Amino acid sequence: MIPFKYVSASSVEEVVDALAASDPPRILAGGTTLVDLMKLNVEQPSRVMDITRLSELAGFDTSGSQELVFGALTRMSDVADDPVVRSRYPVLSESLWRAASQQLRNMATLGGNLLQRTRCAYFRDLQYPCNKRDPGVGCSAIGGVNRGHALLGASDTCIAVYPGDWGTALMVLDAVVDVQSVRGRRTLKISELHREPGQTPHLETNLAADELILRIRVPTTPLGKASTYLKVRDRESYAFAVTSAAVALEMDGNLVRAARIAVGGVATRPWRAHTAEQSLVGKLFTASTARKAGDLAFENARTFDQSLFRVQLGANTVAEALKIARERA
Amino acid sequence: MTPQQPVLPSDPADTSSDEFELTRREFAVAVVAVGAVGLVGVPPAQACPRGDQVSFTVNNEVHHLTDLDARATLLDVLRERLGLFGAKKGCDQGQCGACTVHIEGRRVVSCLTLALQATDRAVTTIEGVASADGTLHPVQQAFLDHDALQCGYCTPGQIMSAIACIREGHASSVEDIREYMSGNLCRCGAYVGIVAAIQQAAASGQVG
């Protein structure tokens, strides 16, 4: 790890001021990504600002009639176990408790988790060229070991997967993210937060360099109840998704009134499958329509020799998640 | 074979450095005695006597340290500065759980926790869970009863994780225990015994 200067922030103002100044610090919250990458020298900040003592960003409220509010520093484990989230928004709870381990969920924050960086093994190892680390040097994953790389949203510069589950789940509930800088506050839709790599894979979000996530808000919706986050992994627990699906349904008997589908572990960013959703709306729910929706979610998938199996697996994951959600309606 | 004297960096400003003169076994007993006051709810640490010091409250004992490298993890400080060797450095990447400790009563991996993030927060390690009279914590006893270890390297982390798992209410079924203990790997494969030990400790009602 490269030496750095550590500062513990005492207010949001202090953080955004520091982010706007020259030589801005890296923001440290739970540390489960940043400290890990600093040990690997993938991240080499000269200054680190610890925001974990900012009580104004901690805590969450799921009692509101209009929206659920999650402070950026809320720990993943707290929301995973929240009774309201468990019963009315299982897609959110499951996306959290099926991520990482309880120790990491006790550390990792909901804001930081949205910004979790890829687990691409080439990105994490300095001996390999990586466009995400060093723009323009090339991608080692293309033509490398790419069993787990992106099927959706990849470019000729980067095929790294966005690894998060929570961000994928938020996609189906139309969450928004409040951010602040010295220039003021603004709100982004969760669907606007992350970027596809395109020709600039080092730019992963649409946050400006001086912006800090304050909170995440989820509008209350009947879609929450008939929802699930299904995650297929190489082992049963404590692993990243080989494929995953966040789905939410609004049913009228067996008629689908509304459907939301996002897929995880397979795309360069949290990925909403609009065409798959539309194929279900206004139709009776059957195993066949669920299967069709699963296929449509991957209709534009681009595979490599080692990742071919994940297209069918991903489609099956969507179909199975739809069946689970249907049973909860 | 007599216990080895721990070799630790000297820290003349550290008022607790006398501990480092103890043998490892005497040290463990001393720490257990201190830890008996309580596992959680430790009051905020006292202010450091000197401005260049930071304080850690570990197993209810306050330590003031100088010259702390910002890169040091909590695990580094526990092992290299405070002589607490219970938390183990396994993967050092947050993947194995051997370094699990509690901060403010919650289990975390100390290898991904910068030490400076843990200052003035109540830290509990395996050395702090037994009673003052030497009675093992119910989870420690259950691990012995069920032979829930082979080499023992992961055991302190397993026990710290298991204590938290029971307190969280995630030990009511075998499926839950397996899910919520998945952050602690055991290369010897003692999982059957570990699950049985946690079931026994949870059922005893003694882990609150």
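Residues numbered from 1 in each chain as written. Chains lettered and ligands numbered in written order. Predicted model: local features only at pLDDT ≥ 70, side-chain atom pairs only at ≥ 80, totals over all residues.

## Some words on the sheet that holds strand E1 (residues 54-58) of chain B
Residue and element names in this part refer to chain B.
- Pairing is mixed across the open sheet formed by five strands, whose spatial order is E2-E1-E5-E3-E4. Where the open sheet ends on each side, the last strands, each with one partner, are strand E2 (61-65) and strand E4 (106-109). Neighbour-to-neighbour, the strand axes of the sheet open up by a mean angle of 35°, direction not taken into account.
- Sheet strands touched by helix H4 (residues 155-168): strand E3 (100-103) and E4. Its angle to E3, the strand with the most contacts, is close to 40°. (Pairing = 2+ DSSP bridges. Helix = DSSP H or I, 4+ residues; strand = E, 2+ residues; numbered from the N terminus. Axes fitted to C-alpha atoms, helices over the stretch in contact; angles between N-to-C directions. Contact = placed C-beta atoms within 7 Å.)

## Description of the interface of chain B and chain A
- The interface of chain B with chain A comprises 21 residues on the first partner and 19 residues on the second.
- Elements represented by at least two residues in the side of chain B that touches chain A include exactly E4 and helix H5 (174-180) of chain B.
- For the side of chain B that touches chain A, the leading source of residues is E4(B), giving four residues.
- Residue composition of the side of chain B that touches chain A, by class: seven nonpolar, nine polar and five charged. (Nonpolar A, V, L, I, M, F, W, Y, C, P; charged D, E, K, R; others polar.)

## Re the sheet that holds strand E4 (residues 60-61) of chain A
Residue and element names in this part refer to chain A.
- One open sheet holds the five strands; their spatial order is E4-E5-E8-E6-E7, and the pairing between them is antiparallel. The open sheet terminates on both sides in strands that have one partner only, identified here as E4 and strand E7 (184-189).
- For strand E5 (residues 67-71) and strand E8 (residues 212-219), the ladder comprises five bridges, and the chain directions are antiparallel. In the strand pairing of E8, Gly71 is matched with Arg215.
- Strand contacts of helix H1 (residues 12-20): strand E6 (176-181) and E8, with the helix running at about 70° to E6, the strand carrying the most contacts.

## Re the confidence of the model for chain B
Residues and elements named next belong to chain B.
- Averaged over every residue, the pLDDT of chain B is 84; residues scoring 70 or more account for 77%.
- Within the model, pLDDT remains below 50 along residues 1-43, and this stretch shows 60 contacts once partners closer than five positions in the same chain are excluded.
- Across the assembled chains, the prediction reports ipTM 0.96 with pTM 0.91. (pLDDT = per-residue confidence, 0-100.)

## Looking at the nonpolar core
- Membership of the largest hydrophobic core comes to 154 residues, with the highest contact counts inside it found for A:Val247, A:Ile261 and A:Val318.
- Non-local contacts of A:Val247, meaning those with residues more than four positions away in its chain, are made with A:Val172, A:Ser227, A:Thr228, A:Arg260, A:Ile261, A:Val318, A:Ala321, A:Leu322 and A:Ala325. (Core = buried A, V, L, I, M, F, W, Y, C linked by C-beta atoms within 7 Å. Buried ≥ 20, exposed ≤ 12 C-beta atoms within 10 Å, placed from the backbone.)

## Looking at the domain arrangement of chain B
All names here are of chain B.
- Assigned domains of chain B: these are domain 1 (17-128) and domain 2 (138-204).
- In this assembly, 14 residues from domain 1 lie in contact with eleven residues from domain 2.
- At the level of secondary structure, the elements contributing two or more residues to the side of domain 1 that touches domain 2 comprise E3 and E4.
- Ranked by residue count, the leading element in the side of domain 1 that touches domain 2 is E3, at three residues.
- A breakdown of the residues in the side of domain 1 that touches domain 2 according to their chemical character gives six nonpolar, five polar and three charged. (Domains from an automatic or database assignment.)

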